[in-house]
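Next come the chains, spelled out residue by residue.
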Amino acid sequence: MPTKKATTIPTLVAAHGKQLLESWLGLQKDSSLVASGAVDTATLHNYSERFLSEFHKALASGRLDAIGGADWAGVREFLSDFSRGMAQHGLTPSQIATFVFSLKQPLFALLSHEFKSDAQRLSEELWQATLLIDSLGLYTSEAFQKSREEVIIRQQEEMLELSTPVVELWEGIVAVPLIGTLDSERTQVVMESLLQHIVTTGAEIAIIDITGVPTVDTLVAQHLIKTVAAARLMGADCIISGIRPQIAQTIVHLGVELSVTSKATMADALQLALRRIGKTVVDRKTPQAASPAE
Amino acid sequence: MDVEKQATLAVKSAEDIVRIRREVRSWAVESKFSLVDQTKIVTAASEIARNTLDYGGGGQLALEKVRQGERRGLRLTFSDQGPGIPDIQRALTDGYTSGSGLGLGLSGSKRLCNEFYLESKPGVGTTVTLIRWK
Amino acid sequence: MDQIPIMKIGDCLLVSIQVDMHDQLAISLQDNLTTRIVQTRARGVMIDISALEIVDSFIGRMLNNIASMSRVLDAVTVVVGMQPAVAITLVELGLTLPGVRTALDVDRGLALIRRLIDDEAGS
């Protein structure tokens, strides 16, 4: 079994760099990268040249089996950037990986030419080359996935911020209408954002409207209670509005004591809030009429 | 778990508690903790440091910046050679106190961290470990 | 040793905590405040903690004590300016300070003290 016989791939790539680049570029003319319009020929030329230059540098280390090592950092960095860039153009992982895989043909051609008369040696070198190119190709897929994950995380964070709009209803009254399922993390973000708004607007009353919340579990109920308690410590009062019948039942069944002012609707809550800050809403046609009874 | 940075601080006097709060704060800022997370870990440190001082007769804090996989955080290990805690379960109950406090030190601090470990042997001493992940 | 200044405004005492509280400082503030309440016959005490970056159970207990002691001495206590992060942490710690009145800032704190004193006079 042939084992660690020094490979000639580095020497070959070094000696025939130009030829390799040209035949590789020739092959890629019809590749899906160009066909898709994601890159033009000049850019592809530039990419291929940069890859080969990094590839050449890494090969010089002689470590063809360890692309995770420090010697291959340049290649990995190039492939990550490349992958991310291509992903933004909407290319699929296989299209991106094909860029690397397409180097096989010209590289194999070089090897076949070199070892025309030594079949044993040729097969060893081809195997080495295959392993190497395969692992680099797979690396682009990994990089692709990673860039996608980064996008997802960023979007999640943006969604969290988007989903917690704290609005000023009146001078001294802020409200946060909660919509959708509340998980612990989101409730916490809401809580912090609400408390921060209380400070910046100087609002003494905060209305938390949960009309749009389908369910409330113990944890969420606790978060709500904690928000109310924290707001009180800061000197503001909370009113919870829009508690649905099911949620009221859940809260009672959970044994959570919701010692907080609650109102059926946001409108009721606003009316109460206005009264607390000393304002009343009166009908303009009949100014004598007192504000509606509670 | 990898330790990226570490320091040891004394817990011998009330001034040390203030020093510990400042040090933990600056490490939490350096670790890019959010303001709420900074406040939580600093408050927990303050609570446990006072316990170490009042009940353990003083001791020390090993402050470490740790990393586990992609997670980064702060680990605080308070240790003393005091009388120890005979009934750990009870000591972790809200409202229980052997001193004059409100009895929220241990149980409250536990809620301020992501991980909390308490080891104690009567007559040998107590070690409290807190971890807060970013 | 440094001390936290206590200012007198009308029949109110104002304390603004601007330094990192160490335990001795908290205890001496408690003592000084009660002495001043009696000396000045103050009806209200306002403690501004907007500069405090943390309130642990020790400082929480001090605030509670001041509120209880001033109540005995016929003065109302209002704590103003607690930061959101501090409030969240205190609640998580289990300290909701039910006996302590709070307000967002000094202005509202003074208004609340007035109202509380007037309510008492009215009843």
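These numbers come from a predicted model, not from an experiment.

Definitions and cut-offs
Residues numbered from 1 in each chain as written. Chains lettered and ligands numbered in written order. Predicted model: local features only at pLDDT ≥ 70, side-chain atom pairs only at ≥ 80, totals over all residues. Heavy atoms only, no water. Helix = DSSP H or I, 4+ residues; strand = E, 2+ residues; numbered from the N terminus. Buried < 20%, exposed > 50% of the residue type's maximum accessible area, 1.4 Å probe, protein only. Contact = heavy atoms within 4.5 Å. Areas by Shrake-Rupley, 256 points an atom, 1.4 Å probe, with all protein chains shown as cover. Lys, Arg positive; Asp, Glu negative; His and termini not counted. Charge placed at Lys NZ, Arg CZ, Asp CG, Glu CD. Domains from an automatic or database assignment. Axes fitted to C-alpha atoms, helices over the stretch in contact; angles between N-to-C directions. Parallel < 35°, antiparallel > 145°, perpendicular 65-115°, else oblique. Nonpolar A, V, L, I, M, F, W, Y, C, P; charged D, E, K, R; others polar. Salt bridge = Lys/Arg side-chain N within 4 Å of Asp/Glu carboxyl O. Buried area = accessible area lost by both parts, 1.4 Å probe. Polar contact = N/O pair within 3.5 Å; in protein donor to acceptor, adjacent residues only side chain to side chain. Pairing = 2+ DSSP bridges. Expected span 1.5 Å × (residues − 1). Patch = residues over 30% accessible without salt bridge, like charges linked within 9 Å, V, L, I, M, F, W, Y side chains within 5 Å.

1. Things to note about the overall build of chain A
If you tally the helices and strands in chain A, you get 12 helices and 5 strands. Across its three principal directions, the C-alpha atoms of chain A cover 110 × 45 × 30 Å. The buried share of chain A, taken over its 294 residues, is 40%. Here the analysis covers contacts within chain A between residues at least 6 apart in sequence; of these, 72% occur between residues at least 24 apart. For chain A, the accessible area works out to roughly 16,000 Å², and carbon and sulfur atoms hold 55% of it. Of note, chain A has its 25 positive side-chain charges centred 1 Å away from the centre of its 33 negative side-chain charges.

2. Remarks on the domain arrangement of chain A
Where interface size is given, it is often the accessible area lost as the parts come together that is meant. On domain assignment, one finds that chain A holds domain 1 (9-157) and domain 2 (167-276). Relative placement of domain 1 of chain A and domain 2 of chain A: their C-alpha centres are 55 Å apart.

3. Here we look at the environment of Thr43(A)
Residue and element names in this part refer to chain A. Relative to the elements of secondary structure, Thr43 occurs in helix H4 (residues 41-59). We classify Thr43 as partly exposed; its relative accessible area is 29%. In the structure, Thr43 is positioned 226 residues away from Ala269 in sequence and 61 Å away in space, judged by C-alpha atoms.

4. Things to note about the packing of helix H1 (residues 23-40) of chain C against helix H2 (residues 57-72) of chain C
Residue and element names in this part refer to chain C. At their nearest, the axes of H1 and H2 sit 10 Å apart, and the two run at 10° to each other. Between H1 and H2, the angle falls in the class roughly parallel. Of H2, the residues touching H1 (which contributes Asp23, Ala26, Ile27, Leu29, Gln30, Leu33, Thr34 and Ile37) are Phe58, Met62, Asn65, Ile66, Met69 and Ser70. Across the contact of H1 with H2, the residue classes tally to 9 nonpolar, 4 polar and 1 charged.

5. Re the pattern of salt bridges
When their charged atoms lie close together, side chains carrying opposite charge are able to pair. Tallying each qualifying case throughout the model produces 23 salt bridges over all chains. Of the charged contacts, one joins Glu92(C) and Lys226(A) as a salt bridge, the two residues approaching to 2.9 Å between their closest N and O atoms. With Glu92(C) in helix H3 (residues 84-93) and Lys226(A) in helix H10 (residues 218-234), this residue pair bridges two chains. Residue classification places Lys226(A) among the partly exposed positions, given a relative accessible area of 21%. Salt-bridge contacts for Arg19(B) lead to Asp16(B); the nearest nitrogen and oxygen are separated by 2.6 Å. Highlighted residues: Arg19(B) and Asp16(B), both in helix H1 (residues 14-30), separated by 3 residues, approximately one helical turn. Where salt bridges share partners, they join Arg21(B), Arg50(B), Asp20(C), Asp23(C) and Asp56(C) into one cluster.

6. A look at the interface of chain C and chain A
Listed as interface residues are 17 residues of chain C and, on the opposing side, 17 residues of chain A. Together, the buried faces of chain C and chain A total about 1,400 Å²; carbon and sulfur atoms form 65% of this surface. Where chain C touches chain A, the interface holds 2 salt bridges. One can count 8 residue pairs in polar contact (both at pLDDT 80 or more) joining chain C with chain A. The element contributing the most residues to the side of chain C that touches chain A is H3(C), with 6 residues.

7. Observations concerning the sheet that holds strand S5 (residues 125-133) of chain B
Residue and element names in this part refer to chain B. If you walk across this open sheet you meet the 5 strands as S1-S2-S3-S5-S4, and the pairing is antiparallel. What marks the edges here is a single partner per strand, and that holds for strand S1 (2-11) and strand S4 (115-121). With direction set aside, neighbouring strand axes in the sheet form an average angle of 15°. Note that S1 and strand S2 (residues 59-68) share 9 bridges and pair antiparallel. In the strand pairing of S2, Ala7 is matched with Leu63. Packed onto the sheet, H1 meets S1, S2 and strand S3 (71-80) and runs at close to 165° relative to S1. Here helix H2 (residues 35-54) sits on the sheet and contacts S1, S2, S3, S4 and S5; the angle it forms with S3, its principal contact strand, is near 15°.

8. Side note on the sheet that holds strand S3 (residues 205-212) of chain A
All names here are of chain A. Spatially, S1-S2-S3-S4-S5 is the arrangement adopted by the 5 strands of the open sheet, whose pairing is mixed. Each edge of the open sheet is held by one strand with a lone partner, namely strand S1 (167-170) and strand S5 (261-263). When strand polarity is set aside, the average angle formed by the axes of neighbouring strands in this sheet is 30°. As judged from the 3 bridges shared by strand S4 (residues 237-241) and S5, these two strands associate in the parallel manner. If you follow Ser241 over to S5, its bridge partner there is Lys263. Those strands touched by helix H9 (residues 184-201) are S1, strand S2 (173-179) and S3, and its axis lies near 165° from that of S2.

9. Remarks on H1(B)
Think of an α-helix as 3.6 residues a turn; residues three or four steps apart then line up on the same face. Taking 1.5 Å per residue as the helical rise, H1(B) with its 17 residues ought to reach 24 Å, and the 25 Å between its terminal C-alpha atoms agrees with that figure. Within the sequence span of H1(B), burial applies to Asp16(B), Ile17(B), Val18(B), Ile20(B), Arg21(B), Val24(B), Arg25(B), Trp27(B) and Ala28(B). Residues of H1(B) that are buried in the fold lie against S1, H2, S2 and S3 of chain B together with H1 of chain C.

10. So, the side chain of Glu47(B)
With respect to the element layout, Glu47(B) can be found in helix H2. Salt bridges are absent for the buried Glu47(B), whose nearest opposite-charge side chain, Arg50(B), sits at 4.7 Å. Excluding its chain neighbours within four sequence positions, the residues that come into contact with Glu47(B) are Gly105(B), Ser109(B), Asp56(C), Ser57(C), Phe58(C) and Leu93(C).

11. Focus: a nonpolar patch on the surface
Taken together, Val167(A), Leu169(A) and Trp170(A) make up a surface patch of nonpolar side chains, about 250 Å² in accessible area. By relative accessible area, which is 37% here, Val167(A) ends up partly exposed.

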